[in-house]
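Residue-level structural notes
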Amino acid sequence: QVQLVESGGGLVQAGGSLRLSCAASGSIFRFNVMGWYRQAPGKQRELVASIATGGTPHYVDFVKGRFTISRDNAKNTVSLQMISLKPDDTAVYYCWLSQHGIAYWGQGTQVTVSS
């Protein structure tokens with residue numbers, strides 16, 4: 001089993017910044033993909049960014065230039081640096097890890113951007 005624990009969420013004004021972090025533990029294979037999804041009330045969960053072991057970060061278009069994903073393979077952590085936050089970024093952000101066809105999810109951390 002794999003456990004994922006997020007931290008760093010909170011309340012911020014529009015234009016502000018937050019950094020989300022996720023620590024993975026358990027049976028983690030050498031090659032995997034980690035990333036971040038988010039889900040706002042009444043909306044479907046959507047991918048924000050992902051990064052494979054030794055791979056190039058991938059971002060969805062609506063966060064390019066504002067969010068930066070990074071990972072530390074030795075520590076099995078992944079972070080999401082978010083700047084220029086908008087009210088539309090308000091959501092529960094979930095850490096995600098996929099390996100050998102199995103996906104694991106964190107409990108989620110709330111990000112609220114006020115206008």
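The present account deals with the structure reproduced in this document. (Residues numbered from 1 in each chain as written. Predicted model: local features only at pLDDT ≥ 70, side-chain atom pairs only at ≥ 80, totals over all residues. Heavy atoms only, no water.)

This paragraph deals with the pairing of strand S8 (residues 77–82). Summarising the sheet, strand S3 (residues 18–26) and S8 pair through six bridges and their orientation is antiparallel. Bridge assignment links Leu18 to a residue of S8, and that residue is Met82. By the bridge criterion, six bridges tie strand S7 (residues 67–72) to S8 in an arrangement that is antiparallel. Paired with Ile69 across the two strands is Leu80, which belongs to S8. (Pairing = 2+ DSSP bridges. Helix = DSSP H or I, 4+ residues; strand = E, 2+ residues; numbered from the N terminus.)

Further remarks concern the side chain of Arg38. As for its position among the elements, Arg38 is in strand S4 (residues 33–39). Relative accessible area serves as the criterion here: at 6%, Arg38 is assigned to the buried category. Among the polar contacts made by the side chain of Arg38, one reaches the side chain of Tyr93 at a distance of 2.9 Å. If sequence neighbours within four positions are ignored, Arg38 has contacts with Gln44, Arg45, Glu46, Val48, Phe62, Phe67, Asp88, Asp89, Ala91, Val92 and Tyr93. (Buried < 20%, exposed > 50% of the residue type's maximum accessible area, 1.4 Å probe, protein only. Polar contact = N/O pair within 3.5 Å; in protein donor to acceptor, adjacent residues only side chain to side chain. Contact = heavy atoms within 4.5 Å.)

Attention now goes to unusual backbone geometry. Backbone geometry at Ser84 places phi at a positive 50 degrees, although glycine is not the residue there. Structurally, the position occupied by Ser84 is in the loop between S8 and strand S9 (91–99). For Ser84, a relative accessible area of 36% translates into the label partly exposed. Although it is not a glycine, His100 adopts a positive phi angle of roughly 50 degrees. Along the chain, His100 turns up in the loop between S9 and strand S10 (102–105).

This part covers the side chain of Asp89. Assignment of secondary structure puts Asp89 in the loop between S8 and S9. Note on Asp89: relative accessible area 2%, which makes it buried. A distance of 2.8 Å separates the side chain of Asp89 from the side chain of Arg66, its partner in a polar contact. Apart from the residues lying within four places of it in its own chain, the contact partners of Asp89 are Arg38, Arg66, Phe67, Ser84, Val111 and Val113.

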